[in-house]
Amino acid sequence: MRKIPFTKMHGCGNDYIYINVSQHHIDDPTEAAIRWSDRHKGIGSDGLVLIGVSPVPEADFTMRIFNADGSEAMMCGNASRCIGKYLYERGLTTKQEIRLLTLSGIKTLRLYVTDDVVESVTVDMGEPMMEEESQFVASRDFDKGTFVSMGNPHYVIFTDNVDQVGEMGRALEQHPAFPQRCNIEFARVEPDGTIRTRVWERGSGITQACGTGACATAVAACLTGRAGRKSDIVMDGGTLSIEWSEADNHVYKTGPAEFVFEGEIEL
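Residue indices follow the written sequence of each chain, beginning from 1 at its first position. For a predicted model such as this one, the threshold for reporting local features is a pLDDT of at least 70, and the threshold for listing and counting side-chain atom pairs is 80 or more; totals across whole chains, interfaces and linings nevertheless cover every residue. Hydrogens are left out, water is left out, and the side-chain values use all remaining heavy atoms of the structure.

1. A look at the side chain of Thr 62
Tracing the backbone through its elements, the reader meets Thr 62 in strand β4 (residues 61-67). Exposure classes here rest on a 1.4 Å probe applied to the protein chains alone. A residue is buried below 20% of its type maximum, exposed above 50%, and partly exposed in between. Residue Thr 62 is classed as buried on the basis of its relative accessible area of 16%. Put simply, DSSP marks the helices as runs of H or I at least four residues long and the strands as runs of E at least two long, and each gets a number from the N terminus on.

Pasting the structure below:
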């Protein structure tokens, strides 16, 4: 039984276990994600993130992410910010602009560094994609939500009651309207213009924050006339600043990333 060093990090409370797979190979990341993410019998996390060296010259590093249920996700904005901090502060790169290869394409990370500490990271999340989804019928009436893909699917519902995420999130994630399941956001525009959002993440359940979910919420708010091109998305674990740029149609997400602790775990 060999021991694997890990780093626990979080972005606005969205916490993952990070492994440098260029040094430590993980044979079965699905099984490891399920076992290590257990908050009572494991390390405890929203999932497992594997950091590797890119096999293609267009990118510097790779990210694979596995949810707490073992399913592999396409992308995670909060995790990608943490990767930027990890790579720079662990001396794996001196770049302050990093190209990260994910299952939803190459994402560019811009690091804001003070005295060799990464204070925040902006991620170029690429262009959002909108599709018309059939209006589904759940156990209660909802205003029609807005479907936005940020490399992974999101369904954003504007409502006064964002706390129904716990009651309705799982059912909506697995609704037949979403054959590949879906991330679900409940959002409310506050008097100060911020957007209070709670999220049910596909494969993980309620999480403290979701980077792609914040982006999807900001895009949905703009599309429906509830906000402009820039929004502060207030999630359970903190606030993310989102800009949907008119110049290139890309969505840019800025927020913090934090180390929590390091250790070793048996594989």
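2. Quick word on empty space enclosed by the protein
Rolled over the atoms, a probe sized like a water molecule indicates the empty space that remains. A cavity, in this analysis, means grid points on a 1 Å lattice covering only the protein atoms where a 1.4 Å probe fits yet has no way out; a pocket is instead an open set bounded by protein on both sides within 12 Å along at least five of seven lines, and a residue lines either one if it has an atom within 4 Å of a point. Grid points are joined across faces, edges and corners, and a volume is the space filled by probe spheres set on the points. Going through the model one piece at a time under the given rule, you end up with 1 cavity of 30 Å³ or more. Taken as a whole, the largest cavity holds about 80 Å³ of empty space. What lines the largest cavity is Tyr 16, Ile 65, Asn 67, Ala 73, Met 75, Cys 76, Asn 152, Asn 183, Glu 201, Arg 202, Cys 210 and Thr 212.

3. Here we look at unusual backbone geometry
For Cys 12, which is not glycine, the phi dihedral falls at a positive 55 degrees. Phi is positive for Arg 181, close to 65 degrees, though the residue is something other than glycine. Mapped onto the elements of the fold, Arg 181 is located in the loop between α3 (165-173) and β12 (183-189).

4. Points about helix α1 (residues 29-37)
Looking at α1, one finds that the buried residues are Pro 29, Ala 32, Ala 33, Trp 36 and Ser 37. Each buried residue of α1 sits inside an arc of 105 degrees when the element is viewed along its axis, so together they form one side. Where the residues of α1 are buried, they touch β2 (14-20), β3 (47-53), β4 and β18 (258-266). Note that the arc is defined by the directions from the helix axis to the C-beta atoms. When checking whether two residues touch, look at their non-hydrogen atoms; a contact exists if any pair is within 4.5 Å.

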